[in-house]
Structures are given as structure tokens and as C-alpha cells.
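An overview of the molecular structure
In case you want the letters, here they are:
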Number of protein chains: 2
Amino acid sequence: MTSTEPAGAGRAAPRPTRQRRAVARVMTTFADFRSAQEIHELLEQQGDPVGLATVYRTLQLMADHDEVDVLRSEDGEAIYRRCSDTHHHHLVCRSCGATVEVEGPAVERWTSAIAGDHGFTDVSHTLEIFGTCPACRS
Amino acid sequence: MTSTEPAGAGRAAPRPTRQRRAVARVMTTFADFRSAQEIHELLEQQGDPVGLATVYRTLQLMADHDEVDVLRSEDGEAIYRRCSDTHHHHLVCRSCGATVEVEGPAVERWTSAIAGDHGFTDVSHTLEIFGTCPACRS
DNA sequence: CACTCAACTGAGAATCATTGTCAAAACCGG
DNA sequence: CCGGTTTTGACAATGATTCTCAGTTGAGTG
Ligand SMILES: [Zn+2]
Ligand SMILES: [Zn+2]
Ligand SMILES: [Zn+2]
Ligand SMILES: [Zn+2]
């Protein structure tokens, strides 16, 4: 047993590979939600290609670490976006995809209260608001 | 043009076929969310088989008419459930899938207000609350 | 530096939900 | 019963995501 891990339960720290850095970097270059496929293409165009499977794996990893928000577009495709580290929700333009991060203590309180009323514990929630943004109101 | 429709814009009324009735009926037999595939199997077991494609088509139709709620399971699969005809949200048990319909004028107001503040129109929203129900709190 | 080994990668195959196709069947009003 | 329309269902096609697995890479070691 030549392990160098601290004695406890050992989850190996992920390696900072070129591919992972590349994905992390492109995620900082746009502000709206993009699909894994689009991110894969972006990387290719930027001359820093990463295999599609790796893009998927990396995005999942980042999502697990709360480094990106994941949500499902209306047709079920998973889409990703970098996000601030505080809990928040999104106001998304149905037409152009523009996104605004919003927060509201009131909603947070309401969801906890409702769940509590019904005896639910370990409560979490998802909330997305869709609409047409001013720019698209041609 | 031999149409018998009233002169205006004509969207033909859907026919109440055996298949559509069968789907509508089976939707009343359970209270939680089920995938189209599961619903298709249920129908088969109940000796009232409906083609998978038709199940999908019918569920979409019912969703368009707000006769069923649609939401996406975590892996992107569309799942369906009969629901009351008023706008509401769901409190879902992560462990056993038990569902409670909840409403809250406060949230409705909040989402409209937020969207309005940012100049968004045609606003809609999705909100799901997840937790562990009392029964599963073994 | 050369070595070792698990973590990591990527090309392509495999999955799997969902949608498209289209000829045959069911309906409906007349 | 007739003609036109809608609906159905078996099957193919699509498309995102996951799996496979052999080859690569990186970090720690002596
Ligand atoms: Zn817009
Ligand atoms: Zn929240
Ligand atoms: Zn439960
Ligand atoms: Zn609402």
C-alpha cells in the first residue's frame, strides 16, 4: 500500500489536464447556456480540440462541483453555463437565449416553508423563468 | 374548399378514438409521474394496447391542452402526470416519487415582477421542489 | 532522469428516448 | 354505402448521451 492519500476515504483529486483547462476556459467566454455539442465545436474552432466524450465528462464533473449550472432546454437537451457561486435562478429569453441571474429571498423562504408544511426534508428546488427580452420585442 | 368548419381559422377538433380514450383513462390510474414508455406498457398490460408513437402523440396533445403536466426527469426523459386545471407546482419526494401539488400566489407574483423589471414579456416559469417525504424518513 | 501505474483521453460503437414515414384502418357527414 | 380526412402503428431515422477499451499522460519514486 504505497498510497500517498491521507488515511481517510480517498477520492483522488481530479487532474488539471489540458482538456479540462480548455473546457474551463471556454466556459468563461460566453454568458448564456450552451449545449455540450456547441462547447465541443467552440473548442475546435479555438484550436484547442477536446474529444466529445471528454467534454461531456468534464461538464458533468464541473456540475458536480457546482462550477457550472445545468438545465434542460425545452426539448430535453442538457445545457451548461458558468455561474456565480451563490444560489440563484435564471430569467431566460425564449428567443435569443439571453440570460439574467436573479435572486429572491422570498421564493427561497416560500419553498422551504411549503416543503416543511408537508414534512419534507433535504429540500432543494429548481426554478426557471422564460420570456421574451426587450431586444427581441422587435 | 368543401370544408364544413366554421368560416374562421379552422383547427379541426381531435377525434375521441379508442386510443385517445385509453391513454386518458390510464392517466387517471396513477398519481405520480410516468414516462411515455411506462404508460405504453401499462396500456398493454391492461389489454388495451396503443402504439408507442400514438402514445407520444396523444400525450403531447394532452399537454398542449393542459390536461397533463410534463416535466423532465433528471436524465432528460419526459414524464407525465394528470393534473388539476389550475396553475400549480410540484413537491416531489426524491426517494419514492410521491408528489404533492402546491400553489402560491406569492411566487407567481414574484416571477412576474422579476421578469417585468427586466422588460421581459410573455413570461412563463417552471418550479419544482424536491425533498425527502415523511414516509421515507425511516 | 527513467520507471510505474492509475487517471485520463478519444474514436467509434452502443443506447435509448423521441420523431418521422407512409400505407392501411377508422371515422364522419351526407 | 361513399369520399375525404384523420388517425394509427410498424419500422426506420435521428440525435444526444454513454460506454468501451486500447493508447496516452502525469505525478510520484528512487
Ligand atoms: Zn431575446
Ligand atoms: Zn432558489
Ligand atoms: Zn418518499
Ligand atoms: Zn407558478
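The paragraphs below set out a description of the structure included in this document. (Residues numbered from 1 in each chain as written. Chains lettered and ligands numbered in written order. Predicted model: local features only at pLDDT ≥ 70, side-chain atom pairs only at ≥ 80, totals over all residues. Heavy atoms only, no water.)

1. Focus: the coordination of the zinc ion (ligand 2)
Residue and element names in this part refer to chain A. Stated formally: Counted as donors are N, O and S atoms no farther than 2.8 Å from the metal, or 3.2 Å for Na, K and Ca; water is not among the atoms, and sites may therefore look incomplete. Secondary structure follows DSSP: runs of H or I at least 4 residues long count as helices, runs of E at least 2 residues long count as strands, and numbering of each begins at the N terminus. Three exposure classes are used, based on accessible area relative to the maximum for each residue type with a 1.4 Å probe and protein chains only: buried under 20%, partly exposed in between, and exposed over 50%.
Protein coordination at the zinc ion (ligand 2) comes from H87 (NE2), H89 (NE2), E108 (OE), E108 (OE) and H125 (NE2), with a distance range of 1.9 to 2.5 Å. Site description for the zinc ion (ligand 2): donor spacing in sequence, H-x1-H-x18-E-x16-H. Pair noted here: H87 is in the loop between β3 (78-82) and β4 (89-93) and E108 is in helix α4 (residues 105-117), with a separation of 21 residues, a long-range link. Among the residues examined, H87 registers a relative accessible area of 44% and is labelled partly exposed.

2. Structural notes on the interface of chain B and chain A
A common way to report how large an interface is uses the accessible area buried once the components associate. Quick note on the threshold: Contacts were defined at the residue level, with two residues in contact if any of their heavy atoms lie within 4.5 Å. Joining two parts hides part of their accessible area as seen by a 1.4 Å probe, and the buried area is that hidden amount summed over both. Put simply, a salt bridge is a Lys or Arg side-chain nitrogen that is within 4 Å of an Asp or Glu carboxyl oxygen. Under this grouping Gly is polar, as are all residues other than the nonpolar Ala, Val, Leu, Ile, Met, Phe, Trp, Tyr, Cys and Pro and the charged Asp, Glu, Lys and Arg. Should DSSP find at least two bridges between two strands, the strands are regarded as paired.
In this assembly, 35 residues from chain B lie in contact with 35 residues from chain A. For the chain B face of the interface with chain A, the top three residues by lost area are W110(B), F120(B) and I129(B), together amounting to 21%. The tally of links from chain B across to chain A stands at 0 salt bridges. Among the secondary structure elements, those contributing two or more residues to the side of chain B that touches chain A are β4 (89-93), β5 (99-102), α4 (105-117) and β6 (121-132) of chain B. By residue number, the principal contributor to the side of chain B that touches chain A is β6(B), which donates 12 residues. Classifying every residue of the side of chain B that touches chain A by side-chain character gives 16 nonpolar, 11 polar and 8 charged. Relative to β6(B), strand β6 (residues 121-132) of chain A runs antiparallel, the two sharing 9 bridges. When the bridges of β6(B) are listed, I129(A) appears paired with H125(B).

3. Regarding the side chain of H89(A)
Residue and element names in this part refer to chain A. Cut-off, in case you're wondering: Any pair of N or O atoms that falls within 3.5 Å is considered a polar contact. Within protein, one atom must be able to donate a hydrogen and the other to accept it, and sequence-neighbouring residues count only if both atoms are side-chain atoms.
Residue placement: H89 occurs in strand β4. Exposure remark for H89: the relative accessible area of 3% places this residue in the buried category. Polar side-chain contacts of H89 include one of 3.1 Å to the side chain of E108. In contact with H89, other than residues within four places in its own chain, are V100, E101, V102, E108, H125 and L127.

4. Observations regarding the protein's contact with DNA strand D
This is how it is decided: Only heavy atoms are used to decide nearness, and a residue is near a molecule or strand if one of them lies within 4 Å of it.
DNA strand D sits among 20 residues. The nearest are Y56(A), A78(A), T17(B), R20(B) and R57(B). The protein-proximal atoms of DNA strand D, defined as those within 4 Å of the protein, are 69% sugar or phosphate. Q60(A) places a polar side-chain atom, nitrogen or oxygen, 2.9 Å from a phosphate oxygen of DNA strand D. At 2.9 Å from a sugar or linking oxygen of DNA strand D is found a side-chain nitrogen or oxygen belonging to Q19(B).

5. Digging into the protein's contact with DNA strand C
Around DNA strand C there are 20 residues in total, and T17(A), R20(A), T54(A), R57(A) and Y56(B) lie nearest to it. Per the 4 Å cut-off to the protein, sugar and phosphate atoms form 66% of the nearby atoms of DNA strand C. At a separation of 2.7 Å, a phosphate oxygen of DNA strand C approaches a polar side-chain atom of R20(A). At 2.5 Å, a side-chain N or O of Y56(B) approaches a phosphate oxygen of DNA strand C.

6. Examining the coordination of the zinc ion (ligand 4)
Within the protein, the atoms that donate to the zinc ion (ligand 4) are H87(B) (NE2), H89(B) (NE2), E108(B) (OE), E108(B) (OE) and H125(B) (NE2), at distances of 1.9 to 2.5 Å. Within one chain, the residues serving as donors to the zinc ion (ligand 4) are arranged as H-x1-H-x18-E-x16-H.

7. With respect to the pairing of β5(B)
Within a regular strand, the side chains alternate between the two sheet faces. Residue and element names in this part refer to chain B. Where β4 meets β5, 4 bridges bridge the pair, whose relative direction is antiparallel. The residue bridging V92 from the neighbouring strand is T99, located in β5. Between β4 and β5, which pair antiparallel in sequence order, lie 5 residues; one of them, G97, sits at a positive phi of approximately 85°.

8. Here we look at the packing of aromatic side chains
Which entries qualify depends on this criterion: Note on aromatic pairs: the rings of Phe, Tyr and Trp (six-membered ring only in Trp) are paired at centre separations within 6.5 Å, and the planes decide the class, stacked below 30 degrees, edge-to-face beyond 60, tilted for the rest. Only when the NZ atom of a Lys or the CZ atom of an Arg is both within 6 Å of the ring centre and within 35 degrees of the ring normal do we say a charge sits over the ring.
The tally for this structure, following the rule as stated, stands at 0 aromatic pairs over all chains. Looking at R34(A), its charged tip hangs above the ring of F30(A), at a distance of 4.6 Å from the centre.

9. Quick word on the sheet that holds strand β2 (residues 68-72) of chain B
Residue and element names in this part refer to chain B. Strand order in the open sheet made by the 3 strands is β1-β3-β2, with antiparallel pairing throughout. Edge positions in the open sheet fall to β1 (34-35) and β2, since each of these has one partner strand only. Two strands pair when backbone bridges link them, and β2 and strand β3 (residues 78-82) are joined in this way by 5 bridges, in the antiparallel orientation. Across the sheet, the residue bridging to V68 is R82, located in β3.

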